[in-house]
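One-letter residues, chain by chain:
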Amino acid sequence: MLFSKSFIFTQREDPKVAECKSHKLLLRGGFLFMVSSGIYSYLPLGYRVLNNINNIIRKHMNSKGAQEILMSALQPIEIWQKTGRDKDLAEVMFRFKDRKDRDICLGPTHEEEITEIIRRSVSSYKQLPMILYQIQTKFRDEPRPRFGLMRSCEFIMKDAYSFDKDNQGLDQNYEKMFQAYKDIFSECGLDFIDIEADSGAMGGNLSHEFMVPGDTGEDLLFKCSDCAKYFKNEGQCPDCKKKLEEAKMIEVGHIFKLGTKYSKAQEAFFLNEFGKRIPFIMGCYGIGVSRILSAIAEVNSDEKGLVWPKGVSPFDLSLVVLDDTILPKALELEEALEGEGLSVLIDDRQEAAGVKFNDAYLLGNPYILIMGKKYLKDGTIDLEIRKTRTSKSFKKGDLIKFLKDEYSR
RNA sequence: CGGGAGGUGGCGCAGCUCGGAUUAGCGCACUUGCAUGGGGUGCAAGGGGCCGUGGGUUCAAAUCCCACUCUCCCGACCA
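Basis of the calculations
Residues numbered from 1 in each chain as written. Chains lettered and ligands numbered in written order. Predicted model: local features only at pLDDT ≥ 70, side-chain atom pairs only at ≥ 80, totals over all residues. Helix = DSSP H or I, 4+ residues; strand = E, 2+ residues; numbered from the N terminus. Buried ≥ 20, exposed ≤ 12 C-beta atoms within 10 Å, placed from the backbone. Contact = placed C-beta atoms within 7 Å. Core = buried A, V, L, I, M, F, W, Y, C linked by C-beta atoms within 7 Å. Domains from an automatic or database assignment.

**Q** Quick one: what's the story with the overall build of chain A, residue by residue and with numbers?
**A** Broken down by element type, chain A carries 12 helices and 23 strands. In terms of overall dimensions, chain A has C-alpha extents of about 80 × 60 × 45 Å along its principal axes. The 409 residues of chain A split such that 40% are buried. Restricting to contacts in chain A with at least 6 residues of sequence separation, those with at least 24 account for 68%.

Rendered as structure tokens:
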């Protein structure tokens, strides 16, 4: 893709509205547009990253047999009254009336709605177990949105719900999702930990949180300086007896064994193999998709800009072209790389070399290719690894082979 | 919702203390031309602003006073 034809706009200076690293860089690099506090639009670069994350999530959810759906964002308030959560979540709900004077809210979460769907469409144990998930925008009227996408009023969440006939089934699905979550966060390049957590207003009897250490984290754990293990309470490390230090953590995922809290309240029953009418045993599994995006940005940057891990970066490669006469050759190289499944952003703009280099650093694609004088002289293409800022020189054929290997790992 | 800081062309800022000659300024970005072309390049000429909103005070307000609003930070809150 040609930079000159793309809707990418970068800014030289940090925006004043941003304080934390990820917020600054995502705005400066033109990944996001800030509409208002806690409200953001995704521009092409940001949307590409978001979709990469979505696809990683889909891959791992589907591999566990979960099926993707998309529920409504508009929800009549009645379904919330059955569980009483219209009151529990009253503060964060965006609520209003439609023209028929009916109470409606923009869904802050979807336990009630999925339970309604299952209540009316599943009546036998033979249809179980089942896991459904969606990737959707949630709406919460946050008292204090902050840190850019980290805590916003409109954000994207992947929420999954499991339905089982008994607790053994729930345990199995919970374990499956646990594993899927580990795979998802790993593939997103996140250094995460999982820890048993409180269920809070979600109810249920067991939950685990997935967290990433980061300055903008709103959760606090305690870390052993010696063995690097994390603990919920301040004390001393049970293993090495070292004093623990505070560690701010960004919550990126949370899974819950809900049991029958929602199915009972909403009278979602099925007949089991003994002909007995019992409530579904439920689990729910959430990932903050937009929060993953900002968490990755938060923990992967340097003084020059973002450093996206492979697999989530907007493009696999930035190709800086420093002489217009080389552009046809650059397009040929792009075609060859795309043939290997790699995406390329060709910087063909009429800009000074420094501008192009600095923008390439700011955008943070994992590899930066340079075609300029050396290429004109003897066909040499320089490759710079964004993360380490180290360079290697290649001829075209070797370069393609090198990149192919890098991306197959 | 408490506490703090701040709103001046698209972005980043100066001007405000001590109201008036500054035609509201600077850097970046933008437009045009020439030069340049491996690290935010040089020169020249341009376009773009009801100084967050509303009300006061005054002969005169970006500047002083009041109210509101928006943004950021700390806290409370956070399925």
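**Q** Go over unusual backbone geometry with me, naming the residues and quoting the values.
**A** Of note, the bond from Leu 128 into Pro 129 is cis; its omega dihedral lies within 30 degrees of zero at -5 degrees. For Phe 147, which is not glycine, the phi torsion reads 55 degrees and is therefore positive. In this structure, Phe 147 sits in the loop between strand E7 (130-139) and strand E8 (154-164). Given 24 C-beta atoms within 10 Å, Phe 147 falls into the buried group. The phi angle at Ala 228 is positive, at roughly 65 degrees, despite the residue not being glycine. Residue position: Ala 228 is located in the loop between strand E11 (219-224) and strand E12 (230-231).

**Q** Give me the environment of Tyr 361: which residues, what numbers.
**A** Here Tyr 361 lies in helix H10 (residues 353-363). Exposure remark for Tyr 361: the 21 C-beta atoms within 10 Å place this residue in the buried category. Each residue touching Tyr 361, except ones within four places of it in the same chain, is listed here: Lys 304, Gly 305 and Arg 386.

**Q** Before we move on, can you summarise the nonpolar core with the specific residues and values?
**A** In summary, soluble globular proteins display a tendency toward joint burial of nonpolar side chains. In this structure, Ile 53, Val 252, Val 289, Ile 296, Leu 319 and Leu 369 are the most contacted members of the largest nonpolar core, which totals 94 residues. Built from parts of two domains, this core gets at least three residues from each of domain 1 (11-302) and domain 2 (315-408). Dropping the residues within four chain positions of it, Leu 319 is found in contact with Ala 330, Leu 333, Glu 334, Val 344, Leu 345, Ile 346, Asp 347, Leu 369 and Met 371.

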